[in-house]
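Residue strings, one per chain:
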Amino acid sequence: MPLDRREFLRFAVAAPLAATQPHLLQMNGYPQNAETPLELLTDYITPISLFFVRSHWIPHPPDLKSWKLAVDDTTFTLAELKTMPRAEATCVLQCAGNGRGLHNPIVPGVQWRYGAVGNARWRGVRVKDVLERAGGIKPEAKHLHLFGSDVPPGKVPPFHRSIEMEKALDDCILAWEMNGEPLTAAHGAPLRLVVPGWAGDHWMKWLVRLSPRVEAQTGFYMDTAYRYEGKPLTEIAVKSNITTAPRRARAGKAQTIRGFAFSGAPDVEKVEISDDDGATWSAAALDPRHAPHAWRLWSYSWTPRTPGAARLFARATDSRGVAQPREAVWNPSGYIYNAWHSVDVEVTA
Ligand SMILES: Nc1nc2c(c(=O)[nH]1)N[C@H]1C(S)=C(S)[C@@H](COP(=O)(O)O)O[C@H]1N2
Ligand SMILES: [Mo]
(Lines give C-alpha, C1' and ligand atoms only; values in the text may rest on other atoms or scores of the structure.)
(Ligands and ions follow the chains in the order given, each with its own letter.)
Protein backbone atom coordinates (compact mmCIF):
# COMPACT_ATOMS: atom_id res chain seq x y z
CA MET A 1 0.00 0.00 0.00
CA PRO A 2 1.86 3.10 -1.11
CA LEU A 3 1.49 5.90 1.40
CA ASP A 4 2.04 9.43 0.29
CA ARG A 5 4.22 11.69 2.39
CA ARG A 6 1.34 13.62 3.89
CA GLU A 7 -0.36 10.45 5.06
CA PHE A 8 2.88 9.16 6.46
CA LEU A 9 3.42 12.33 8.47
CA ARG A 10 -0.12 12.13 9.76
CA PHE A 11 0.77 8.79 11.37
CA ALA A 12 4.03 9.96 12.75
CA VAL A 13 2.41 12.92 14.46
CA ALA A 14 -0.94 11.52 15.55
CA ALA A 15 -0.12 8.03 16.70
CA PRO A 16 3.26 7.16 18.17
CA LEU A 17 2.18 3.55 18.82
CA ALA A 18 1.12 3.15 15.21
CA ALA A 19 4.57 4.08 14.00
CA THR A 20 5.40 0.37 13.99
CA GLN A 21 2.30 -0.23 11.85
CA PRO A 22 2.94 2.04 8.87
CA HIS A 23 0.12 0.54 6.76
CA LEU A 24 -2.69 1.33 9.12
CA LEU A 25 -4.97 4.31 8.81
CA GLN A 26 -5.18 6.17 12.12
CA MET A 27 -8.80 7.15 12.75
CA ASN A 28 -8.37 9.93 15.32
CA GLY A 29 -5.73 11.59 17.44
CA TYR A 30 -6.44 10.73 21.03
CA PRO A 31 -7.04 7.05 21.66
CA GLN A 32 -5.31 4.79 19.17
CA ASN A 33 -7.80 3.65 16.56
CA ALA A 34 -6.35 2.40 13.30
CA GLU A 35 -8.01 0.22 10.69
CA THR A 36 -6.51 -1.88 7.93
CA PRO A 37 -7.14 -0.85 4.31
CA LEU A 38 -9.54 -3.50 3.01
CA GLU A 39 -7.39 -4.33 -0.03
CA LEU A 40 -4.59 -5.48 2.32
CA LEU A 41 -6.73 -8.03 4.19
CA THR A 42 -5.85 -10.81 1.77
CA ASP A 43 -4.01 -13.24 4.08
CA TYR A 44 -5.58 -16.11 5.98
CA ILE A 45 -3.59 -14.96 9.03
CA THR A 46 -3.54 -11.16 9.23
CA PRO A 47 0.05 -10.02 9.90
CA ILE A 48 0.50 -8.18 13.21
CA SER A 49 1.87 -5.17 11.33
CA LEU A 50 -1.47 -4.85 9.50
CA PHE A 51 -3.81 -5.79 12.32
CA PHE A 52 -6.26 -3.03 13.34
CA VAL A 53 -5.92 -1.42 16.77
CA ARG A 54 -8.74 -0.09 18.88
CA SER A 55 -8.05 1.37 22.33
CA HIS A 56 -10.50 3.59 24.14
CA TRP A 57 -7.82 5.94 25.36
CA ILE A 58 -4.05 6.19 25.49
CA PRO A 59 -2.86 2.71 26.47
CA HIS A 60 -1.27 2.20 29.86
CA PRO A 61 0.27 -1.26 29.47
CA PRO A 62 1.35 -3.03 32.67
CA ASP A 63 5.00 -3.12 33.66
CA LEU A 64 6.04 -6.48 32.21
CA LYS A 65 8.60 -7.19 34.96
CA SER A 66 6.26 -6.86 37.92
CA TRP A 67 3.05 -7.96 36.14
CA LYS A 68 0.87 -10.64 37.69
CA LEU A 69 -2.63 -11.79 36.88
CA ALA A 70 -4.90 -11.73 39.93
CA VAL A 71 -7.91 -14.04 40.14
CA ASP A 72 -9.38 -12.49 43.26
CA ASP A 73 -6.80 -13.53 45.91
CA THR A 74 -4.72 -15.88 43.76
CA THR A 75 -2.00 -14.47 41.52
CA PHE A 76 -0.17 -15.94 38.55
CA THR A 77 3.05 -14.79 36.95
CA LEU A 78 3.39 -15.25 33.19
CA ALA A 79 5.93 -18.01 33.87
CA GLU A 80 3.35 -19.81 36.02
CA LEU A 81 0.69 -19.53 33.32
CA LYS A 82 3.19 -20.93 30.83
CA THR A 83 3.53 -24.15 32.86
CA MET A 84 -0.15 -24.91 32.24
CA PRO A 85 -1.57 -26.81 29.22
CA ARG A 86 -1.48 -24.59 26.12
CA ALA A 87 -4.60 -23.58 24.26
CA GLU A 88 -4.70 -22.19 20.75
CA ALA A 89 -7.37 -20.69 18.51
CA THR A 90 -7.33 -19.13 15.06
CA CYS A 91 -10.27 -16.77 14.92
CA VAL A 92 -11.57 -13.37 13.86
CA LEU A 93 -11.31 -10.30 16.04
CA GLN A 94 -13.74 -7.63 14.84
CA CYS A 95 -14.68 -4.39 16.59
CA ALA A 96 -18.43 -4.13 17.23
CA GLY A 97 -18.31 -0.78 15.44
CA ASN A 98 -16.58 -2.00 12.27
CA GLY A 99 -18.56 -0.44 9.41
CA ARG A 100 -20.07 2.27 11.60
CA GLY A 101 -18.99 4.86 9.04
CA LEU A 102 -21.12 3.10 6.40
CA HIS A 103 -24.40 3.37 8.30
CA ASN A 104 -26.92 5.85 6.94
CA PRO A 105 -27.93 8.13 8.61
CA ILE A 106 -24.51 8.54 10.20
CA VAL A 107 -23.99 7.69 13.86
CA PRO A 108 -21.42 9.18 16.25
CA GLY A 109 -18.34 7.18 17.20
CA VAL A 110 -15.15 6.12 15.45
CA GLN A 111 -16.06 6.10 11.73
CA TRP A 112 -14.70 2.65 10.98
CA ARG A 113 -15.26 1.46 7.44
CA TYR A 114 -14.15 -2.06 6.53
CA GLY A 115 -10.86 -2.71 8.28
CA ALA A 116 -11.52 -3.01 12.04
CA VAL A 117 -11.25 -6.77 11.63
CA GLY A 118 -8.53 -9.40 11.29
CA ASN A 119 -7.94 -13.12 11.67
CA ALA A 120 -5.11 -14.24 13.97
CA ARG A 121 -3.66 -17.26 15.72
CA TRP A 122 -3.93 -16.76 19.48
CA ARG A 123 -2.07 -18.86 22.01
CA GLY A 124 -2.17 -19.06 25.79
CA VAL A 125 -4.19 -20.97 28.37
CA ARG A 126 -7.86 -21.72 28.76
CA VAL A 127 -9.75 -19.42 31.11
CA LYS A 128 -11.32 -22.56 32.56
CA ASP A 129 -7.95 -24.03 33.55
CA VAL A 130 -6.84 -20.81 35.24
CA LEU A 131 -10.08 -20.46 37.23
CA GLU A 132 -9.88 -24.09 38.30
CA ARG A 133 -6.34 -23.64 39.45
CA ALA A 134 -7.32 -20.48 41.32
CA GLY A 135 -9.64 -22.43 43.60
CA GLY A 136 -12.42 -23.78 41.41
CA ILE A 137 -15.55 -22.37 39.81
CA LYS A 138 -18.58 -21.83 42.03
CA PRO A 139 -21.87 -22.57 40.25
CA GLU A 140 -23.36 -19.24 41.37
CA ALA A 141 -20.54 -17.28 39.68
CA LYS A 142 -22.35 -16.59 36.40
CA HIS A 143 -20.15 -13.70 35.25
CA LEU A 144 -16.44 -13.17 34.93
CA HIS A 145 -15.40 -9.57 35.61
CA LEU A 146 -12.42 -8.37 33.58
CA PHE A 147 -10.00 -5.58 34.46
CA GLY A 148 -7.31 -4.15 32.23
CA SER A 149 -4.55 -1.75 33.24
CA ASP A 150 -5.71 1.21 31.16
CA VAL A 151 -6.93 4.34 32.92
CA PRO A 152 -9.45 6.70 31.35
CA PRO A 153 -8.80 10.43 31.31
CA GLY A 154 -10.65 12.73 33.73
CA LYS A 155 -14.22 11.74 34.49
CA VAL A 156 -14.53 9.22 31.65
CA PRO A 157 -15.86 5.92 33.06
CA PRO A 158 -13.39 3.00 33.20
CA PHE A 159 -13.51 0.19 30.61
CA HIS A 160 -14.77 -2.33 33.14
CA ARG A 161 -16.57 -5.29 31.67
CA SER A 162 -17.74 -8.80 32.42
CA ILE A 163 -18.48 -11.80 30.26
CA GLU A 164 -20.94 -14.61 30.84
CA MET A 165 -19.16 -17.42 32.66
CA GLU A 166 -20.69 -19.97 30.30
CA LYS A 167 -18.86 -18.44 27.33
CA ALA A 168 -15.65 -17.87 29.34
CA LEU A 169 -15.53 -21.57 30.31
CA ASP A 170 -16.54 -22.80 26.88
CA ASP A 171 -13.77 -21.56 24.59
CA CYS A 172 -12.15 -18.38 25.91
CA ILE A 173 -8.36 -18.12 26.07
CA LEU A 174 -5.98 -15.90 28.03
CA ALA A 175 -3.47 -15.25 25.28
CA TRP A 176 0.13 -14.01 25.45
CA GLU A 177 0.91 -14.86 21.84
CA MET A 178 -0.48 -13.62 18.52
CA ASN A 179 0.62 -15.27 15.27
CA GLY A 180 3.50 -16.98 17.10
CA GLU A 181 4.91 -13.71 18.51
CA PRO A 182 4.59 -12.30 22.01
CA LEU A 183 1.58 -9.96 22.16
CA THR A 184 2.55 -6.38 21.36
CA ALA A 185 1.66 -3.51 23.69
CA ALA A 186 -0.97 -2.26 21.23
CA HIS A 187 -2.73 -5.64 21.26
CA GLY A 188 -2.75 -6.04 25.04
CA ALA A 189 0.62 -7.36 26.30
CA PRO A 190 1.27 -9.27 28.37
CA LEU A 191 -2.14 -10.98 28.43
CA ARG A 192 -5.52 -10.49 26.74
CA LEU A 193 -8.79 -12.32 26.55
CA VAL A 194 -9.72 -14.12 23.31
CA VAL A 195 -13.46 -14.63 22.83
CA PRO A 196 -14.01 -16.64 19.64
CA GLY A 197 -17.04 -15.46 17.64
CA TRP A 198 -17.79 -12.45 19.85
CA ALA A 199 -17.20 -8.76 19.16
CA GLY A 200 -13.91 -7.10 20.13
CA ASP A 201 -15.20 -5.22 23.20
CA HIS A 202 -15.15 -8.54 25.11
CA TRP A 203 -11.48 -9.13 24.24
CA MET A 204 -10.03 -7.28 27.25
CA LYS A 205 -6.42 -6.18 26.72
CA TRP A 206 -3.68 -5.62 29.35
CA LEU A 207 -5.49 -7.95 31.76
CA VAL A 208 -4.53 -7.54 35.42
CA ARG A 209 -7.47 -9.06 37.26
CA LEU A 210 -10.30 -11.56 36.80
CA SER A 211 -13.11 -11.92 39.28
CA PRO A 212 -15.90 -14.52 39.13
CA ARG A 213 -19.13 -12.95 40.45
CA VAL A 214 -22.83 -13.62 40.78
CA GLU A 215 -23.88 -10.46 38.93
CA ALA A 216 -22.72 -8.93 35.66
CA GLN A 217 -20.51 -5.83 35.75
CA THR A 218 -22.36 -2.51 35.69
CA GLY A 219 -21.34 0.94 34.44
CA PHE A 220 -21.20 2.77 31.11
CA TYR A 221 -19.45 0.05 29.08
CA MET A 222 -22.02 -2.56 30.15
CA ASP A 223 -25.29 -0.67 30.59
CA THR A 224 -25.04 1.95 27.84
CA ALA A 225 -22.35 1.00 25.34
CA TYR A 226 -22.10 -2.33 23.50
CA ARG A 227 -25.79 -3.05 23.57
CA TYR A 228 -27.83 -4.07 20.57
CA GLU A 229 -31.61 -4.32 20.54
CA GLY A 230 -31.66 -3.87 24.32
CA LYS A 231 -29.21 -6.68 25.10
CA PRO A 232 -25.44 -6.87 25.48
CA LEU A 233 -23.91 -7.41 22.07
CA THR A 234 -22.19 -10.78 21.86
CA GLU A 235 -21.72 -12.58 18.53
CA ILE A 236 -20.55 -10.87 15.39
CA ALA A 237 -22.85 -11.14 12.36
CA VAL A 238 -22.29 -13.03 9.12
CA LYS A 239 -20.35 -10.88 6.66
CA SER A 240 -18.14 -11.00 3.60
CA ASN A 241 -15.97 -8.36 2.01
CA ILE A 242 -14.37 -8.13 -1.40
CA THR A 243 -10.66 -7.41 -1.05
CA THR A 244 -9.49 -7.91 -4.62
CA ALA A 245 -11.23 -6.84 -7.83
CA PRO A 246 -10.13 -4.97 -10.94
CA ARG A 247 -11.33 -1.42 -11.53
CA ARG A 248 -11.50 -2.10 -15.25
CA ALA A 249 -12.06 -5.38 -17.04
CA ARG A 250 -12.62 -6.49 -20.61
CA ALA A 251 -15.85 -8.19 -21.69
CA GLY A 252 -15.32 -11.92 -22.22
CA LYS A 253 -12.07 -12.02 -20.22
CA ALA A 254 -12.04 -13.89 -16.89
CA GLN A 255 -11.10 -11.97 -13.72
CA THR A 256 -10.39 -13.33 -10.25
CA ILE A 257 -12.33 -11.70 -7.44
CA ARG A 258 -11.22 -12.41 -3.86
CA GLY A 259 -12.33 -11.73 -0.35
CA PHE A 260 -12.99 -13.10 3.13
CA ALA A 261 -16.11 -14.14 5.03
CA PHE A 262 -16.82 -14.87 8.70
CA SER A 263 -19.59 -15.11 11.24
CA GLY A 264 -20.32 -15.50 14.94
CA ALA A 265 -21.40 -19.00 13.88
CA PRO A 266 -18.42 -21.36 13.81
CA ASP A 267 -18.13 -21.54 10.01
CA VAL A 268 -19.23 -20.02 6.72
CA GLU A 269 -21.23 -22.32 4.50
CA LYS A 270 -21.04 -20.37 1.25
CA VAL A 271 -20.13 -17.10 -0.38
CA GLU A 272 -21.96 -16.03 -3.51
CA ILE A 273 -21.38 -13.34 -6.09
CA SER A 274 -23.96 -11.47 -8.14
CA ASP A 275 -23.34 -9.15 -11.09
CA ASP A 276 -27.05 -8.43 -11.70
CA ASP A 277 -28.05 -6.56 -8.55
CA GLY A 278 -28.83 -9.72 -6.58
CA ALA A 279 -31.17 -11.33 -9.15
CA THR A 280 -28.91 -14.37 -9.61
CA TRP A 281 -25.96 -15.63 -7.54
CA SER A 282 -23.00 -17.92 -8.24
CA ALA A 283 -20.93 -19.72 -5.61
CA ALA A 284 -17.38 -18.59 -4.90
CA ALA A 285 -14.71 -21.22 -4.08
CA LEU A 286 -13.94 -21.36 -0.35
CA ASP A 287 -10.31 -21.72 0.71
CA PRO A 288 -9.93 -24.94 2.72
CA ARG A 289 -8.10 -23.26 5.60
CA HIS A 290 -10.46 -22.90 8.50
CA ALA A 291 -10.97 -23.21 12.26
CA PRO A 292 -14.05 -22.43 14.40
CA HIS A 293 -14.77 -18.66 14.11
CA ALA A 294 -11.82 -18.10 11.77
CA TRP A 295 -12.53 -16.40 8.49
CA ARG A 296 -12.65 -18.10 5.12
CA LEU A 297 -10.84 -16.67 2.17
CA TRP A 298 -12.75 -17.12 -1.08
CA SER A 299 -12.19 -16.56 -4.77
CA TYR A 300 -14.45 -16.29 -7.78
CA SER A 301 -13.69 -16.31 -11.47
CA TRP A 302 -15.88 -13.66 -13.08
CA THR A 303 -16.22 -13.13 -16.80
CA PRO A 304 -17.96 -9.86 -17.57
CA ARG A 305 -20.43 -10.25 -20.42
CA THR A 306 -21.25 -6.81 -21.71
CA PRO A 307 -19.35 -3.52 -21.77
CA GLY A 308 -20.48 -0.79 -19.38
CA ALA A 309 -20.65 -0.22 -15.64
CA ALA A 310 -20.82 -3.45 -13.61
CA ARG A 311 -21.39 -3.85 -9.89
CA LEU A 312 -20.38 -7.05 -8.11
CA PHE A 313 -22.00 -8.01 -4.82
CA ALA A 314 -20.73 -10.62 -2.33
CA ARG A 315 -23.02 -12.34 0.15
CA ALA A 316 -22.06 -14.93 2.77
CA THR A 317 -24.25 -17.54 4.45
CA ASP A 318 -23.03 -19.06 7.71
CA SER A 319 -23.15 -22.62 9.05
CA ARG A 320 -26.44 -21.85 10.79
CA GLY A 321 -28.03 -20.86 7.49
CA VAL A 322 -28.07 -17.12 8.23
CA ALA A 323 -27.42 -15.04 5.11
CA GLN A 324 -25.86 -11.60 5.00
CA PRO A 325 -28.62 -9.01 4.42
CA ARG A 326 -28.75 -6.51 1.56
CA GLU A 327 -29.09 -3.67 4.08
CA ALA A 328 -27.57 -3.60 7.55
CA VAL A 329 -29.91 -3.00 10.47
CA TRP A 330 -29.39 0.63 11.45
CA ASN A 331 -28.89 1.08 15.20
CA PRO A 332 -28.00 4.16 17.26
CA SER A 333 -24.46 2.98 18.08
CA GLY A 334 -23.73 1.74 14.56
CA TYR A 335 -22.77 -1.79 15.58
CA ILE A 336 -22.43 -4.94 13.49
CA TYR A 337 -22.69 -3.41 10.01
CA ASN A 338 -22.92 -6.32 7.57
CA ALA A 339 -24.69 -5.17 4.40
CA TRP A 340 -23.73 -6.84 1.12
CA HIS A 341 -20.42 -5.47 0.00
CA SER A 342 -20.02 -4.33 -3.61
CA VAL A 343 -17.34 -3.14 -5.99
CA ASP A 344 -17.78 -1.25 -9.25
CA VAL A 345 -15.96 -2.37 -12.35
CA GLU A 346 -15.82 -0.60 -15.69
CA VAL A 347 -16.18 -3.20 -18.42
CA THR A 348 -14.68 -2.33 -21.78
CA ALA A 349 -15.33 -3.96 -25.15
N1 LIG B 1 -8.22 -2.86 28.35
C2 LIG B 1 -8.82 -2.64 27.18
N3 LIG B 1 -9.15 -3.69 26.42
C4 LIG B 1 -9.75 -3.50 25.23
C5 LIG B 1 -10.06 -2.20 24.76
C6 LIG B 1 -9.67 -1.10 25.57
O7 LIG B 1 -9.88 0.07 25.23
N8 LIG B 1 -9.05 -1.36 26.78
N9 LIG B 1 -10.72 -2.07 23.55
C10 LIG B 1 -11.55 -3.21 23.15
C11 LIG B 1 -12.13 -3.10 21.84
S12 LIG B 1 -13.51 -2.12 21.71
C13 LIG B 1 -11.67 -3.84 20.77
S14 LIG B 1 -12.45 -3.78 19.28
C15 LIG B 1 -10.47 -4.69 20.90
C16 LIG B 1 -9.44 -4.33 19.83
O17 LIG B 1 -8.32 -5.15 19.92
P18 LIG B 1 -6.98 -4.81 19.12
O19 LIG B 1 -6.60 -3.39 19.44
O20 LIG B 1 -5.99 -5.81 19.55
O21 LIG B 1 -7.32 -4.96 17.66
O22 LIG B 1 -9.87 -4.59 22.17
C23 LIG B 1 -10.77 -4.52 23.24
N24 LIG B 1 -10.06 -4.61 24.50
MO1 LIG C 1 -14.37 -2.34 19.60
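Residues numbered from 1 in each chain as written. Chains lettered and ligands numbered in written order. Predicted model: local features only at pLDDT ≥ 70, side-chain atom pairs only at ≥ 80, totals over all residues. Heavy atoms only, no water.

A short note on the site of ligand 1
Phase 1 of the analysis: By nearness alone, 20 residues border ligand 1, and His56, Asp150, His187, Arg192 and Lys205 come closest of all.
Phase 2 of the analysis: Within the contact set of ligand 1, a nitrogen atom lies 3.0 Å away from a backbone nitrogen or oxygen of Trp203.
Phase 3 of the analysis: The contact in question runs from an oxygen atom of ligand 1 to an N or O atom on the side chain of Lys205, over 2.5 Å.
Phase 4 of the analysis: Considering ligand 1 on its own, with 540 Å² of exposed area, one finds that the protein chains cover 100% of that surface.
Phase 5 of the analysis: Considering only residue class, the shell around ligand 1 consists of eleven nonpolar, four polar and five charged. (Near = heavy atom within 4 Å. Polar contact = N/O pair within 3.5 Å; in protein donor to acceptor, adjacent residues only side chain to side chain. Areas by Shrake-Rupley, 256 points an atom, 1.4 Å probe, with all protein chains shown as cover. Nonpolar A, V, L, I, M, F, W, Y, C, P; charged D, E, K, R; others polar.)

Focus: the domain arrangement of the protein chain
Phase 1 of the analysis: You can read the domains of the protein chain as domain 1 (5-232) and domain 2 (239-348).
Phase 2 of the analysis: The straight-line distance from the C-alpha centre of domain 1 to that of domain 2 is 28 Å.
Phase 3 of the analysis: Listed by partner, the interface residues are 34 residues for domain 1 and 27 residues for domain 2.
Phase 4 of the analysis: For the pair domain 1 and domain 2, the two sides together bury roughly 2,600 Å², of which 62% comes from carbon and sulfur.
Phase 5 of the analysis: A per-residue breakdown of the area domain 1 buries against domain 2 is headed by Tyr44, His103 and Tyr228, which together make up 27% of the total. (Domains from an automatic or database assignment. Contact = heavy atoms within 4.5 Å. Buried area = accessible area lost by both parts, 1.4 Å probe.)

A look at the sheet that holds strand β8 (residues 143-148)
Phase 1 of the analysis: If you trace the five strands from one edge of the open sheet to the other, you get β5-β4-β13-β8-β9, paired in mixed fashion. What marks the edges here is a single partner per strand, and that holds for β5 (74-76) and β9 (161-164). Taken pair by pair, the neighbouring strands of this sheet meet at an average axis angle of 20°, ignoring direction.
Phase 2 of the analysis: Sheet analysis places β8 next to strand β13 (residues 207-213), joined by six bridges and oriented antiparallel. Each residue of the ladder has a partner; that of Gly148, found in β13, is Leu207. (Pairing = 2+ DSSP bridges. Helix = DSSP H or I, 4+ residues; strand = E, 2+ residues; numbered from the N terminus. Axes fitted to C-alpha atoms, helices over the stretch in contact; angles between N-to-C directions.)

Brief notes about the packing of aromatic side chains
Phase 1 of the analysis: Counted by the stated rule, this structure contains 14 aromatic pairs.
Phase 2 of the analysis: Between Phe220 and Tyr221 the ring centres are 4.9 Å apart and the planes differ by 90°, which places this aromatic pair in the edge-to-face class.
Phase 3 of the analysis: The class of Tyr221 is buried, set by a relative accessible area of 8%.
Phase 4 of the analysis: Centre to centre, the rings of Phe260 and Phe262 are 6.2 Å apart; their planes meet at 20°, and the pair counts as stacked. No difference in accessibility class separates Phe260 from Phe262, as the two residues are buried.
Phase 5 of the analysis: Between Arg209 and the ring centre of Phe147, over which it is positioned, the NZ or CZ distance is 4.0 Å.
Phase 6 of the analysis: Lying across the ring of Trp281, Arg315 places its NZ or CZ 4.1 Å from the centre. (Phe/Tyr/Trp six-rings, centres within 6.5 Å; stacked < 30°, edge-to-face > 60°. Buried < 20%, exposed > 50% of the residue type's maximum accessible area, 1.4 Å probe, protein only. Lys NZ or Arg CZ within 6 Å of the ring centre and 35° of its normal.)

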